[in-house]
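# Reading the structure
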Amino acid sequence: MSAPSIEKTLTPKETFIYKDLKGPFFNPNWHFHPEFQISYIMEGEGTRFIGDHVHNFKKGDLVMTGPNLPHLWRNDNAYFEKDSKLTTRGLVIYFDHVLLSEPLLEMEEFYKINRLVGHSLRGIEFHGETRDLIIKFLLELDKQKGFKRILKLLEILDTLANSTEYTMLASPNYMNAFKGGDAEKMRKVYDYVMTNFKTNISLDEAAGLLNMTTTSFCRYFKPRANKTFTRFVNEIRIGHARKLLLEDNFNISQISYECGYNALSNFNRQFKSITEMCPLEYRKLFLNIRKPV
């Protein structure tokens, strides 16, 4: 299963395309392309990678990514099992930068759109009423024809540009350091970590996947992920821990073990390093938020 590092999504005669993606799992390959992308997850869950951002995703996830920003919505391992009955669905818009040309973005009326374009280079997650309204627009878009489709897309962009209900994803200093052959190499590393994070992760094994020494592998991985391999593994494990904490089916010790930590003290330390709170605080905070008023 190979993948190019750059995926071209539009033909020369298209300004944008709208896709209703259905399948047993989303594209499992880490990739990027020159188009802007707006993605709404209607069904499915797993781990979202955007630039150096790592977080869980689930139904309702609404994200905009800018040109050449590497990204991946990787479903949980259960989606890849032979007898899996799980399915995914996502509504996706790809649109070309010619729709938002530089001379146009310099006009006063496009000030907020220009800001949105800049933010998209790090990836943006939208929530609240903005997300609900954009979902409505996305469902309407497929019914539009001709120029009305362009108008509906512009309405979507204007709504996003005027929203304050968003979270930036990749870090402010993130730069895409990927080259031609990197996607396949990083896919092997990501697959290895996602498959084995509940047990032991070996730096030697990860390096061996790429036929590198551990020193060469660490030097290779860090600028492309904008973090060390150890930090990356911990973010995957803690992301899974956050999901389990919200399900309220396991105690903290059980969750620690389920996420690949043999020592509870190490789990607590890594969890606080990544989320800035301890596991119990995280569970109480988010379970209280989800309680009906």
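Structural notes, computed from the coordinates.

What counts, and at which threshold
- Residues numbered from 1 in each chain as written.
- Predicted model: local features only at pLDDT ≥ 70, side-chain atom pairs only at ≥ 80, totals over all residues.
- Heavy atoms only, no water.
- Pairing = 2+ DSSP bridges.
- Helix = DSSP H or I, 4+ residues; strand = E, 2+ residues; numbered from the N terminus.
- Axes fitted to C-alpha atoms, helices over the stretch in contact; angles between N-to-C directions.
- Contact = heavy atoms within 4.5 Å.

Within the open sheet, the three strands sit side by side as 4-3-6. Their pairing is antiparallel. At either margin of the open sheet sits one strand with a lone partner, and together these are strand 4 (53–57) and strand 6 (71–75). Shown here is a sheet whose adjacent strand axes are inclined to one another by a mean of 20°, direction ignored. Relative to strand 4, strand 3 (residues 46–50) runs antiparallel, the two being bridged by five bridges. Pairing of Phe49 across the sheet is with Val54, part of strand 4. Along the sheet, helix 5 (residues 182–196) makes contact with strand 3 and strand 6, crossing strand 6 at roughly 30°. Contacts from helix 8 (residues 229–247) reach strand 3 and strand 4 within the one sheet, and its direction differs from that of strand 4 by about 25°.

Pairing is antiparallel across the open sheet formed by six strands, whose spatial order is 1-7-2-5-8-9. Edge positions in the sheet fall to strand 1 (16–23) and strand 9 (166–168), since each of these pairs with one other strand and no more. When strand polarity is set aside, the average angle formed by the axes of neighbouring strands in this sheet is 20°. Of the strand pairs in this sheet, strand 2 (residues 36–43) and strand 7 (residues 88–95) are connected by seven bridges, and their pairing is antiparallel.

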